[in-house]
Every structure is written in structure tokens, then in C-alpha cells.
Amino acid sequence: MPPLPGPLAHLAPLLDEYGYMAVGLLVLLDSGGIPVPGQTILVLAAVYAGTGRMSVAGVVAVAVVAAVVGDCLGYLVGRTGGRAFVDRWGRYVGLTPARAERAEGFFTRNGGRVVTVARFVDGLRQTNGIIAGTTGMAWRRFMPANIAGAVLWVGVWASLGYVLGDNIGPLYERAVRYQVYLLAALAVLVAALVVRAVARRRRTRRDGQRSGTTSKEDA
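Residues numbered from 1 in each chain as written. Predicted model: local features only at pLDDT ≥ 70, side-chain atom pairs only at ≥ 80, totals over all residues. Heavy atoms only, no water.

Caption draft 1: How the structure looks around the overall build of the protein. Helices and strands together make up the secondary structure of the protein, namely 8 helices and 0 strands. Tracing the protein from N to C terminus, the helices and strands come up as α-α-α-α-α-α-α-α. Considering the protein as a whole, with its 219 residues, one finds that 36% of them fall into the buried category. For the protein, the share of sequence-separated contacts (at least 6 apart) that also reach a separation of at least 24 residues comes to 80%. Put simply, the protein shows about 12,100 Å² of open surface, and 66% of that area lies on carbon and sulfur atoms. (Helix = DSSP H or I, 4+ residues; strand = E, 2+ residues; numbered from the N terminus. Buried < 20%, exposed > 50% of the residue type's maximum accessible area, 1.4 Å probe, protein only. Contact = heavy atoms within 4.5 Å. Areas by Shrake-Rupley, 256 points an atom, 1.4 Å probe, with all protein chains shown as cover.)

Now the structure itself:
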């Protein structure tokens, strides 16, 4: 097999040494909230499978199970300690109880879709389970979305790595770059929504004070 480009080459020794165990461990940690190169080693393992050095069915099975378990662990962390953490420390980063309640409402309406597609975005892939647990997303809604997201994510990257082989390097680097852009765009969008909400609250408060002043003058 020709030399692998970019970030794939750095993980080749780890995959050569530990095989499926490396795939399972890194994907599990990556899905459970720890920023390790789980997606990169999944792609590399699929490339290996395309050359006959690993079984593509084995790579897919290990990665799907690890991704599901990792997200479940993140969910349990969020469910058991996330809300207490938010209640105690959230105000220091601007996460007030009111905003936490709005986040819960958002996940009640859209949590399934978020969990399903979050794996394709760095940052969200590591934290979506924790966020789902913290916001109180029901387990019966979380698990189907978790499984669907794991199957979709593993299926896409394993298929690309298996079919494209060592030619996947430029495509993967481009995809990672676009993920960074998407995450930055999401951060800007969230910041804009927060600014709009703050401005609206201040305007409502001002209008309320003005109405109270007018009522006193009329009296």
C-alpha cells in the first residue's frame, strides 16, 4: 500500500500494533466526550480493509458498537452530573438556569435529529451525548437516534475509506476543514441567537418599565 497522506499516516503504527482494539477504544473515547482521533482511525481502518489487511465487516461492527457505547457513556455523565454542574458553575460561563431551560426545550423538540447528525461535526461528535443527558432528553428517544447516527457515520466513512483507499487523504483533509468551518458557523449562529435573546429581553424590560411609568402618570 502506498504511503498514507496527512493525519492518517500518524495513526498507522497504532493500528498496525493493536488493530481492532485501537479502533474500538479511540471511537469509544471520541464518542464519549474525549477529543481523540476516533474518526481518523475509523477511516484508516477502512483503508486497511480495502487492501485486505483488515475485515471491513469487523471494522464496521467494532466501530458501530464503540460509537453507541461511547455516546451512552456521555449521556450517563450528562444525566447524572451535567445538570448539577450547570446549576453550580453555569453562571460563570453565561449558562443561566433560564438558558438551560431553553436548551432543554430545544432538545425536547429537536434532540433526535441533533444526535443523529452530530457525529459528522467535530466538537458535537464528542459532546452530543453529554448535552442530551444534561438537558434531560428521554432515553427512549436518545437510543434510536444514537444507534442511527452511529450506523450512518460509520457507514459513510467506512465506505469511503474502503472504496477510495489511499486516495481518500485529500478528501478527508478537505472534509475535516469543512467541519471546522461548519463548527465556526454554528458558533457564530449561537452567539447571534444569544445576542438577539438578550436584546429582546432588555427591550421587553424597557417596555415594561415605560408602561409602568405611564400607568403611574395616568393615575
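Caption draft 2: Here's a closer look at helix α6 (residues 124-134). All of the buried residues in α6 are Arg125, Gln126, Asn128, Gly129, Ala132, Gly133 and Thr134. Two residues or fewer after α6 comes Gly136, characterised by a positive phi angle close to 80°.

Caption draft 3: The arrangement of the nonpolar core in detail. The biggest cluster of nonpolar side chains holds 35 residues, and the ones touching the most others in it are Leu15, Leu42, Leu44, Phe142, Trp153 and Val154. When residues of this core are traced back to their parent elements, those giving at least two are α1 (6-18), α2 (20-31), α3 (38-50), α4 (56-89) and α7 (139-164). (Core = buried A, V, L, I, M, F, W, Y, C linked by side-chain atoms within 4.5 Å.)

Caption draft 4: Structural context of the pattern of salt bridges. Tallied over the entire structure, the rule returns 3 salt bridges. One salt bridge connects Asp30 with Arg125, and the closest N-O pair in it is separated by 2.7 Å. Of this pair, Asp30 sits in helix α2 while Arg125 is found in helix α6, placing the two residues 95 residues apart along the sequence. Comparing Asp30 with Arg125 shows no difference in burial state: the two are buried. For Arg119, the salt bridge goes to Asp71, with nearest N and O atoms at 3.3 Å. Taken together, the positions of Arg119 in the loop between α5 (97-117) and α6 and Asp71 in helix α4 put the pair 48 residues apart, joining distant regions of the chain. Assigned by exposure class, Arg119 and Asp71 land together as buried. (Salt bridge = Lys/Arg side-chain N within 4 Å of Asp/Glu carboxyl O.)

Caption draft 5: Focus on the packing of aromatic side chains. Tallied over the full model, the rule gives 3 aromatic pairs. When the centroid spacing of 5.1 Å and the interplanar angle of 65° are considered together, the rings of Tyr75 and Trp139 count as edge-to-face. Taken together, the residues Tyr75 in helix α4 and Trp139 in helix α7 connect sequence positions 64 residues apart. Residue Trp139 is classed as partly exposed on the basis of its relative accessible area of 40%. The structure contains a cluster of three or more aromatic residues connected by ring pairs, namely Tyr75, Trp139 and Phe142. (Phe/Tyr/Trp six-rings, centres within 6.5 Å; stacked < 30°, edge-to-face > 60°.)

Caption draft 6: Structural detail: α3. Across its 13 residues, α3 extends 19 Å between first and last C-alpha, which sits within 8% of the 18 Å expected from 1.5 Å per residue. Buried residues dominate α3, accounting for 12 of its 13 residues. Gly38, Gln39, Thr40, Ile41, Leu42, Val43, Leu44, Ala45, Ala46, Val47, Tyr48 and Ala49 are the residues of α3 that are buried. Just past α3, the residue Gly52 takes up positive phi, approximately 85°. (Expected span 1.5 Å × (residues − 1).)

Caption draft 7: View of the packing of α2 against α3. Close contact between α2 and α3 brings their axes to 8 Å; oriented N to C, the two are set at 150°. When the axis of α2 is compared with that of α3, the two are roughly antiparallel. The chirality of how α2 crosses α3 is left-handed. Residue-level inspection shows Ala22, Val23, Leu26, Val27 and Asp30 of α2 in contact with α3, the latter providing Gly38, Gln39, Ile41 and Ala45. A per-class count over the contact of α2 with α3 returns 6 nonpolar, 2 polar and 1 charged. (Axes fitted to C-alpha atoms, helices over the stretch in contact; angles between N-to-C directions. Parallel < 35°, antiparallel > 145°, perpendicular 65-115°, else oblique. Left-handed = near helix turned anticlockwise from the far one by under 90°. Nonpolar A, V, L, I, M, F, W, Y, C, P; charged D, E, K, R; others polar.)

No statement about biological role is implied by the geometric values presented.
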